[in-house]
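Structure assessment
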Amino acid sequence: MGRLDRREIAGAVADLGVLVPIVVALVLVNGLSASAVLLPAGVLYVAAGWFYRLPVPVQPLKAFGAIAIAQGLGADVIAAGAMLMAVVFVPLGLSGLIDRAAAVFPHPLVRGVQLSVGLLLVRLAWGLVTEPPRQFADAGAPTALLVGAAVLAGGAAYLWRARGVTVVLVGAALVWVVARAQLPMTLGPSPLRVHVPSAADFATAAAVLVVPQLPLTFANSCIATADAARGYFGAAASRVSAGRLAVSLGLGNVVAGLLGGMPVCHGAGGLTAHRSFGARTGRA
């Protein structure tokens, strides 16, 4: 898969801007175990890098996560939603139905999906800054200052992306967090348990979380991600098909659902972020 150099490391952390805010919100707002949130995502990242041999991203389910955070849904409802996503996408991927759909999916529509996901993430980020959950309210700085700092950091990351600036930005963020933490800090892991959602949890998850998420996952996590991989990596992306992406995200959600963790997916935007900042192989 190539050697692990500075650009691979910089590209590896390029998608944290999507992952971290939703992870933190699910832990603080929805009460999920931090280990249950991070462990399945980390395992799927390693498995995806090994199998696809490319920097295939692992991300939170965007619409799913935004609704769960906004409504303060509990861990069992979120776990039920993850299991339902697995029940839908593993059979679709194994049966070849998603690959057949991808073959006739109009290319302009793929591009439209990629644009719509970007706009969704902008809206989510803006909401977290301007109307943060109460757990985030004590930011320690005016909103305008935080927005300005975020714009400057984003501009610096883009302009100096070839120089591994993402590693510097992540390091600076860690220093900021540790400096503002209320000591003593408690190290993990946090408790893990197997979740067995009730019928009511599954019903709520299906209506509130899964139905709004299904079209986005089908279009962006499967079809658009496979399209982006072929566009960026050519023949090296031969393993990255819409059907295989459906199976891998579905299996990841089996683990996330059982542990009460964060429902996960892949995404064209995440793949673009990893590649734009230097990642070229699964080692990232």
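Basis of the calculations
Residues numbered from 1 in each chain as written. Predicted model: local features only at pLDDT ≥ 70, side-chain atom pairs only at ≥ 80, totals over all residues. Heavy atoms only, no water. Helix = DSSP H or I, 4+ residues; strand = E, 2+ residues; numbered from the N terminus. Rg over C-alpha atoms; globule rule 2.2 N^0.38 Å. Buried < 20%, exposed > 50% of the residue type's maximum accessible area, 1.4 Å probe, protein only. Contact = heavy atoms within 4.5 Å. Areas by Shrake-Rupley, 256 points an atom, 1.4 Å probe, with all protein chains shown as cover. Lys, Arg positive; Asp, Glu negative; His and termini not counted. Charge placed at Lys NZ, Arg CZ, Asp CG, Glu CD. 1 Å grid on protein atoms, 1.4 Å probe; cavity = no way out; pocket = protein on both sides within 12 Å on 5 of 7 lines; lining within 4 Å. Points joined across faces, edges and corners; volume = space filled by probe spheres on them. Nonpolar A, V, L, I, M, F, W, Y, C, P; charged D, E, K, R; others polar. Axes fitted to C-alpha atoms, helices over the stretch in contact; angles between N-to-C directions. Parallel < 35°, antiparallel > 145°, perpendicular 65-115°, else oblique. Left-handed = near helix turned anticlockwise from the far one by under 90°. Patch = residues over 30% accessible without salt bridge, like charges linked within 9 Å, V, L, I, M, F, W, Y side chains within 5 Å. Salt bridge = Lys/Arg side-chain N within 4 Å of Asp/Glu carboxyl O. Core = buried A, V, L, I, M, F, W, Y, C linked by side-chain atoms within 4.5 Å.

1. Here's the deal with the overall build of the protein chain
A count of helical and extended segments in the protein chain gives twelve helices and two strands. Reading the protein chain from its N end, one meets helices and strands in the order α-α-α-β-α-α-α-α-α-α-α-α-β-α. Relative to the 2.2 N^0.38 estimate, which gives 19 Å for 284 residues, the radius of gyration of the protein chain is 18 Å and therefore close to what a compact globule would have. Overall, the C-alpha framework of the protein chain stretches about 50 × 50 × 35 Å when taken along its three principal axes. Within the protein chain, buried positions represent 42% of all 284 residues. Excluding contacts between residues fewer than 6 apart, the proportion of contacts in the protein chain whose partners are at least 24 apart in sequence is 87%. As presented, the protein chain carries roughly 14,200 Å² of accessible surface, and 70% of it is formed by carbon and sulfur atoms. Looking at the protein chain, you have 19 positive and 9 negative side-chain charges, and the mean spots of the two groups are 10 Å apart.

2. Let's talk about the environment of leucine 92
The topology assignment puts leucine 92 in helix H5 (residues 75–95). A relative accessible area of 26% means that leucine 92 is categorised as partly exposed. Put simply, leucine 92 and valine 247 are 155 residues apart on the chain and 7.8 Å apart in space, counted from C-alpha to C-alpha. Once residues lying within four places of it in the same chain are set aside, the contact partners of leucine 92 are Leu97 and Ile98.

3. Some words on the layout of surface pockets
In this structure, the second largest pocket occupies an estimated 360 Å³ of space. Elements represented by at least two residues in the lining of the second largest pocket include exactly helix H2 (16–28) and helix H3 (34–52). Ranked by residue count, the leading element in the lining of the second largest pocket is H3, at seven residues. Its residues assigned to classes, the lining of the second largest pocket comprises 15 nonpolar, five polar and two charged.

4. Observations concerning the packing of H3 against helix H11 (residues 242–259)
Between H3 and H11, the least distance of the axes is 9 Å, while the angle of their chain directions is 155°. In terms of orientation, H3 and H11 fall into the roughly antiparallel class. The crossing of H3 and H11 is right-handed. On H11, the residues that touch Ala36, Leu39, Pro40, Leu44, Phe51 and Tyr52 of H3 are Arg244, Leu245, Ser248, Gly252, Val255, Ala256 and Leu259.

5. Quick notes on a nonpolar patch on the surface
Residues Val194, Val196, Leu251, Val254, Val255 and Leu258 make up a contiguous nonpolar surface patch of about 530 Å² in total accessible area. Within the element layout of this structure, leucine 258 appears in helix H11.

6. Points about the nonpolar core
Core analysis: the biggest nonpolar cluster contains 54 residues, and Leu26, Val56, Phe89, Leu209, Cys222, Val240 and Met262 have the highest contact counts within it. Other than its neighbours up to four places away in sequence, cysteine 222 contacts Phe89, Ile98, Thr217, Ala242, Leu245, Ala246 and Leu249. Ala14, Ala157, Val165 and Ala273 belong to the second largest nonpolar core, which has five residues in total.

7. Observations regarding the pattern of salt bridges
One pass over the structure, following the stated rule, counts two salt bridges. Salt-bridge contacts for arginine 193 lead to aspartate 76; the nearest nitrogen and oxygen are separated by 3.7 Å. You can see arginine 193 sitting in the loop between helix H9 (165–180) and helix H10 (199–233) and its partner aspartate 76 sitting in helix H5, a full 117 residues away along the chain. Classification of aspartate 76 by relative accessible area gives partly exposed; the value is 25%. The salt bridge involving arginine 111 is made with aspartate 227; its shortest N-O contact spans 2.7 Å. On the criterion of sequence distance, the pair formed by arginine 111 in helix H7 (residues 107–130) and aspartate 227 in helix H10 is long-range, its members being 116 residues apart. On the basis of relative accessibility, which here comes to 40%, the residue arginine 111 falls in the partly exposed class.

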